[in-house]
Amino acid sequence: MAEAHQAVAFQFTVSPEGIDVHLSHVALKQVYLSGLHSWKKRLGRLRNSFVTGVYPASPASWVFVAGTILLAQFWRLDPSMGLIGKIQEHLPGRGCLSEPTQAVLCALAFATVLWLALILTMRSILKLLLSYHGWMYEAHGKMSHTTKVWLALVKIFAGRKPMLYSYQACLPRLPVPTIHDTMQRYLESVRPLLSDLQFQRMAALARDFEHSLGPRLQWYLKLKSWWASNYVSDWWEEYVYLRGRGPIMVNSNYYAMDFLYVTPTPIPAARAGNAVYAILLYRRLLSQEKIKPLMIQGTLPLCSAQYERMFGTTRIPGLEADRIQHVSDSKHIAVLHAGRFYRLRLYHSGRLLRPRELQAQFQHILDDPTPPVPGEEHLASLTAGDREPWARARRTYFGSGKNQQSLEAVERAAFFVTLDTTEQGLTGPDPGRALDRYAKALLHGQCHDRWFDKSFTLIIFRNGKLGVNAEHSWADAPIVGHLFEYMLATDAFQLGYNANGHCKGEMDPDIPPPQKLQWEIPEEIVLKVAILAEKYAVDYSWYVDTILNLIRIAGDYVSEEVWYRVIQIVINRDDVQGYAAKTVFEALQAPACHENMVKVGGYILGEFGNLIAGDPRSSPLVQFNLLHSKFHLCSVATRALLLSTYIKFINLFPETKATIQEVLRSDSQIRNADVELQQRAVEYLKLSSIASTDVLATVLEEMPPFPERESSILAKLKKKKGPGAGSELDDGKKEPGAEINGGMEPSASTASTPSPSADLLGLRAAPPASLAAPTSAGNLLVDVFSDSPAAAPGLAPGTDENFLSDLEPPTESSASLLVDAAVPADAGAAASVCEDPALPLSEADELLNKFVCKNNGVLFENQLLQIGVKSEFRQNLGRMYLFYGNKTSVQFQSFTPTVTYPGELQSQLNIQTKAVDPLVEGGAQVQQVLNIECLSDFTLAPLINIKFRYGGTLQNITLKLPITLNKFFQATEMQSQDFFQRWKQLSLPQQESQKIFKANHPMDPEVTKAKLLGFGSALLDKVDPNPDNFVGAGIIQTKSLQVGCLLRLEPNAQAQMYRLTLRTSKEAVSRHLCELLSEQF
């Protein structure tokens, strides 16, 4: 506020004695210097425009031409052949001028016209010369005489000392190819993608277009080419970039990387000061047009138009198309650090801030302890997501007040700077992985710490490394590359650092500090940020961190659906439970802790506190005391949850029993005025007193995984938006084929949408209830507290015998798509498609191998069709959902998937299928359910043949269904002595299969462990004497028999080799499982 007060140039007070006026001379001086600086820039641009406008001539050439004409007049010569006399006859006001004055004025007028005519002639000749392309096709080092003459003429007419935009008016127009050439090139481009029959049809369509509609469109195109210098560029920018509705992060933006082996200084503020100053020097050269245009071999100029929007440019989201906003002279930059946004002014006293002064500004930001306001930390993630939701949010929440002002400060900044909190570069023992991390940090970071809409974001890491993330629509990479090279060279070789690593030079202590931007983030934006955090989660640990930070920062703005989401992820993911317990324990140690954080802590520690109890700093009593210290500050609902946590602690940590019983026995609990708290305290006290250890363990056992349902965050957002808002809530969707830790998230929605870009695997927000068919598992990250029932049946309860018949029947709305489970597998075959099934695709085995250790994913995808798989197996039974997505805007007809059994598989495997609708609308998805029963062990995979007609052409695709013998593995836990006893029993040569093979993937123990667990066996710890080896056990469950299986995997990291040994009671099973598993490594 003090800085704002000092900035007031004029103040007055009214008193009984009159008006007292105060003028701030310092502020008035700043206003004067700012205006002077602005007018200097305007005059400079005016001069540059004039110099560029007369190129390849120069202003001095006019003096030469005028002097020559005047000299000829003095010697009584008339180079104008009478034109000067004609001008003199029609000279206005000639009666007021003497004869010599009239002669001089007319000579100057003629000289100016002659000079302009010469300029136009030289430009026309240069444009004609630059239209010559013969040099492109000559062998390197061998130049024809024609090309040599052409080069000499180009150098003569190209002028001297060109400015950045000097050649723009001389560049030839982009020629329009003939319609025949266009059709030929089109057919050449699509030929590799089409079959012979399809290509013949496409060639016929091309010929028809060439002689019917084509000529008229060609005429329009030529008309545009006469009007515009490049008839493609505006369409390219709009339709290739600005109309894209998907995320620009990763898909469009690109990055530039710092020196790999040199870091000029480890001080981030100093590196930022020099880098920003170097960029501003480049901007000064750019505004003065002193940067030389890019030239091919130093002779042929390239277009420089893309340089115009390098600074002060932002891509503004729109509902149907984005737009480019450009500010010609921005005097500040926007800075993001630790979730806080700042406005940093670049000028003081009419001059540019020096490097040392910029370093002080950045250091002030780094040292600022102010926390982000609610919702601010992850605000930038809106620019990482889909464009339409960001456009709606921008229009709704950033159109007025503080949000509008702060957003304008970001979007009107010269460029964006992120002071990253991580360290990057070639650090650590593995340079390859370090380089990957460095590249990912520049390409997407944490998805909420880059403003992806800015023309470019300068990223400064904590160890002094830097890089750039650039938006693509305004310019191509060479433009940003030129800036980045200049910045690196200026930083390292011109500006430099002192012996302590700080920027050189002096600084003015009176420069005001950066201004922290203010935001007012409503709850809906917090929910959308949470959905985006889930969508772009690097892994589950990152997601837990992000949402806990959101709860810590956003306070009351965060609804319960957000922490519900964290609970559901932690419960359903074994690999993140210990990390979540440790993270929430640390978060609860903050003196001021939001109640939602206490709820998360109580729930997670009550379930998984034992995973961190081995550390004395988080022992059971420490965990209990930490939670109980928050008890008196919480609402009744949270206190009730904490009482449940306490009784869970008694089960997890018997040593805490006496302490917790004392708390439950206190008057504040058993005599509490709230009935719910009183009842819980009494019941829990009695349960802990009379129940045996086994009973207590049964009653208070760990929560099972929650059923898969729609995201509760997304459900609440839909509820807030009202009916029909499904299409607006694409924040939480994933792109088709997207994975989280390798798992697909298909949905069974069969609702047809007209857009060819429809979400084929149902990963986007659901359509309105009035339009949607029943959906199955919508997300891998399942919902905990959603009240809506799961739409797709999971594995039905019951015995093995009635499992297949116990599957839930389809709902009424899906009755037209699904037949009864008892219908034979081929009941849905369409009579209209009678061609023989095609042979399996060449890549069918490769696609099958991808599913050996996982159950969900994209099985197949081409330009027409996408097939997603979600499956679940229990003992010898399984259920598989196949999702067929039409990627085109054209209807599929006679769509018929058929399952077939190669060899003797029909006697080994029983698969019941449900027919699908033979018509699949453009952009729509249909679901097929397969019920599977393993009768005996098998080696071959069943085939699925998909036939349909697209545009009259039959499509015939055959794939291998991802049903392999290991899917019927039942993991078995064994003690060490039991394992080796059984291992010795299976010692016959025919019972063992062993394979030694080279590693095809990096030998990561965690990845290996995950694959073995995905294969189906239980991993046995401390069984093998070598801790690097992996030992597993399980039983293959079939209807006719059970086959015990033991495995041992011995990795040799030095030789990059594996030895895999499998022992079962059946030779064929040992051999087949060994072959399947070895392909995974």
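The sections below set out a description of the structure shown in this document. (Residues numbered from 1 in each chain as written. Predicted model: local features only at pLDDT ≥ 70, side-chain atom pairs only at ≥ 80, totals over all residues. Heavy atoms only, no water.)

Brief notes about the sheet that holds strand S8 (residues 332-337)
Then, in step 1: Spatial ordering of the open sheet is given by S3-S14-S13-S12-S8-S9-S15, a layout of 7 strands whose pairing is mixed. Each end of this open sheet is capped by a strand with a single partner; those strands are strand S3 (254-257) and strand S15 (515-516).
Then, in step 2: Looking at chain direction, S8 and strand S9 (residues 340-345) are connected through 6 bridges and run antiparallel. Considered in S9, the bridge of Leu336 is made with Phe341. (Pairing = 2+ DSSP bridges. Helix = DSSP H or I, 4+ residues; strand = E, 2+ residues; numbered from the N terminus.)

Considering the pattern of salt bridges
Close approach of charged atoms lets side chains of opposite charge pair.
Then, in step 1: As enumerated under the stated definition, the model contains 36 salt bridges in all.
Then, in step 2: Of the charged contacts in the structure, one is a salt bridge between Glu376 and Lys516, with a shortest N-O distance of 3.4 Å. Of the two residues, Glu376 sits in the loop between helix H12 (355-367) and helix H13 (387-397) while Lys516 sits in strand S15, which places them 140 residues apart along the sequence.
Then, in step 3: Relative accessible area serves as the criterion here: at 0%, Glu376 is assigned to the buried category.
Then, in step 4: Residue Asp937 is joined to Lys1066 by a salt bridge in which the shortest nitrogen-to-oxygen separation is 2.7 Å. One end of the pair, Asp937, is in the loop between strand S21 (925-934) and strand S22 (943-950); the other, Lys1066, is in the loop between strand S29 (1057-1064) and helix H33 (1067-1078), and 129 residues separate them in sequence.
Then, in step 5: Taking relative accessible area as the criterion, Lys1066 reaches 29% and is therefore assigned partly exposed.
Then, in step 6: When salt bridges with common partners are traced through the structure, they connect Arg245, Arg315, Asp322, Arg387, Asp453 and Glu471 into a single cluster. (Salt bridge = Lys/Arg side-chain N within 4 Å of Asp/Glu carboxyl O. Buried < 20%, exposed > 50% of the residue type's maximum accessible area, 1.4 Å probe, protein only.)

A short note on the packing of helix H22 (residues 620-628) against helix H23 (residues 636-652)
Then, in step 1: One way to put it is that H22 packs onto H23 with a least axis distance of 11 Å and a crossing angle of 170 degrees. The angle between the axes of H22 and H23 places the two elements in the roughly antiparallel class. Contacts between H22 and H23 pair Pro620, Gln623, Phe624, Leu627 and His628 from the former with Leu642, Thr645, Tyr646 and Phe649 from the latter.
Then, in step 2: For the contact of H22 with H23, a count of residues per class yields 6 nonpolar, 3 polar and no charged. (Axes fitted to C-alpha atoms, helices over the stretch in contact; angles between N-to-C directions. Parallel < 35°, antiparallel > 145°, perpendicular 65-115°, else oblique. Contact = heavy atoms within 4.5 Å. Nonpolar A, V, L, I, M, F, W, Y, C, P; charged D, E, K, R; others polar.)

A closer look at the sheet that holds strand S20 (residues 909-913)
Then, in step 1: Within the open sheet, the 5 strands sit side by side as S16-S17-S18-S21-S20. Their pairing is antiparallel. Only two strands of the sheet have a single neighbouring strand rather than two, namely strand S16 (856-861) and S20. Each neighbouring strand pair of the sheet contributes to a mean axis angle of 25 degrees, computed without reference to strand direction.
Then, in step 2: For strand S17 (residues 865-874) and strand S18 (residues 877-886), the ladder comprises 10 bridges, and the chain directions are antiparallel. By the bridge assignment for S18, Val869 is matched with Leu882.

With respect to the packing of helix H24 (residues 657-665) against helix H26 (residues 675-690)
Then, in step 1: Close contact between H24 and H26 brings their axes to 9 Å; oriented N to C, the two are set at 150 degrees. Between H24 and H26, the angle falls in the class roughly antiparallel. Considering how the two elements wind past one another, H24 and H26 form a crossing that is left-handed. Residues Lys657, Gln661, Leu664 and Arg665 of H24 form the contact with H26, whose own contacting residues are Ala681, Tyr684, Leu685, Ser688 and Ser689.
Then, in step 2: Here the contact of H24 with H26 is composed, by residue class, of 4 nonpolar, 3 polar and 2 charged. (Left-handed = near helix turned anticlockwise from the far one by under 90°.)

Details of the packing of aromatic side chains
Then, in step 1: Under the counting rule described, the total for this entry stands at 31 aromatic pairs.
Then, in step 2: Positioned above the aromatic ring of Phe851 is the side chain of Lys854, whose terminal nitrogen or guanidinium carbon lies 5.4 Å from the ring centre. (Phe/Tyr/Trp six-rings, centres within 6.5 Å; stacked < 30°, edge-to-face > 60°. Lys NZ or Arg CZ within 6 Å of the ring centre and 35° of its normal.)

Details of helix H11 (residues 268-287)
Then, in step 1: The terminal C-alpha atoms of H11, which comprises 20 residues, lie 28 Å apart, in line with the 28 Å expected from a rise of 1.5 Å per residue.
Then, in step 2: Of all 20 residues that make up H11, 17 are buried, and the element is covered over most of its length.
Then, in step 3: In the segment just after H11, Glu289 is the residue with positive phi, at about 60 degrees. (Expected span 1.5 Å × (residues − 1).)

Quick word on H24
Side chains three or four residues apart in an α-helix point the same way, a direct result of the helix having 3.6 residues per turn.
Then, in step 1: Within the sequence span of H24, burial applies to Ile660, Gln661, Val663 and Leu664. With its buried residues spanning 160 degrees around the axis, H24 presents them on a single face. Along H24, exposed side chains directed more than 90 degrees from the buried face belong to Ala658 and Glu662.
Then, in step 2: Its buried side turned inward, H24 meets H22, H23, helix H25 (667-670) and H26. (Arc of directions from axis to C-beta.)

Re the side chain of Asn966
Then, in step 1: Its location among the elements puts Asn966 in the loop between strand S23 (953-960) and strand S24 (969-971).
Then, in step 2: Relative accessible area serves as the criterion here: at 2%, Asn966 is assigned to the buried category.
Then, in step 3: For Asn966, the side chain forms a polar contact with the side chain of Thr964, separated by 2.6 Å.
Then, in step 4: There is a polar contact of 3.1 Å between the side chain of Asn966 and the backbone oxygen of Phe1015.
Then, in step 5: Those residues in contact with Asn966 that lie beyond four places of it in its chain are Val852, Gly1014, Phe1015, Ile1036, Leu1073 and Leu1076. (Polar contact = N/O pair within 3.5 Å; in protein donor to acceptor, adjacent residues only side chain to side chain.)

A look at the nonpolar core
Then, in step 1: Phe341, Trp519, Ile604 and Leu605 are the most contacted members of the largest nonpolar core, which has 68 residues in total.
Then, in step 2: Looking at which element gives the most residues to this core, the answer is H23, with 8 residues.
Then, in step 3: Not counting residues up to four positions away in its chain, the partners in contact with Ile604 are Val566, Ile567, Val570, Ala580, Ala581, Val584 and Gly609.
Then, in step 4: In this structure, Leu909, Ile932, Leu965 and Leu1019 belong to the second largest nonpolar core, which totals 59 residues. (Core = buried A, V, L, I, M, F, W, Y, C linked by side-chain atoms within 4.5 Å.)

Thoughts on the pairing of S16
Then, in step 1: For S16 and S17, the ladder comprises 5 bridges, and the chain directions are antiparallel. Paired with Glu861 across the bridge in S17 is Gln866.
Then, in step 2: Between S16 and S17, which pair antiparallel one after the other, the connecting turn spans 3 residues.

Section: the environment of Arg343
Then, in step 1: As for its position among the elements, Arg343 is in strand S9.
Then, in step 2: Looking at Arg343, the relative accessible area reads 24%, which means it is partly exposed.
Then, in step 3: A C-alpha to C-alpha distance of 6.6 Å links Arg343 and His332, two positions 11 residues apart in sequence.
Then, in step 4: The contacts of Arg343, once residues within four sequence positions are left out, are His332, Ile333, Ala409, Pro514, Gln515 and Leu517.

Thoughts on the environment of Leu344
Then, in step 1: Its place among the elements puts Leu344 in strand S9.
Then, in step 2: Leu344 sits 169 residues away from Pro513 along the chain, and the two C-alpha atoms are 7.7 Å apart.
Then, in step 3: Leave out the neighbours within four places in its chain, and Leu344 touches Lys331, His332, Ile333, Val335, Leu353, Leu358, Gln361, Phe362, Ile365 and Pro514.

Points about the pairing of S17
Then, in step 1: Buried residues dominate S17, accounting for 8 of its 10 residues.
Then, in step 2: Counting the residues in the hairpin turn of S17 and S18 gives 2 residues, including Gln875, whose phi is positive at 55 degrees.

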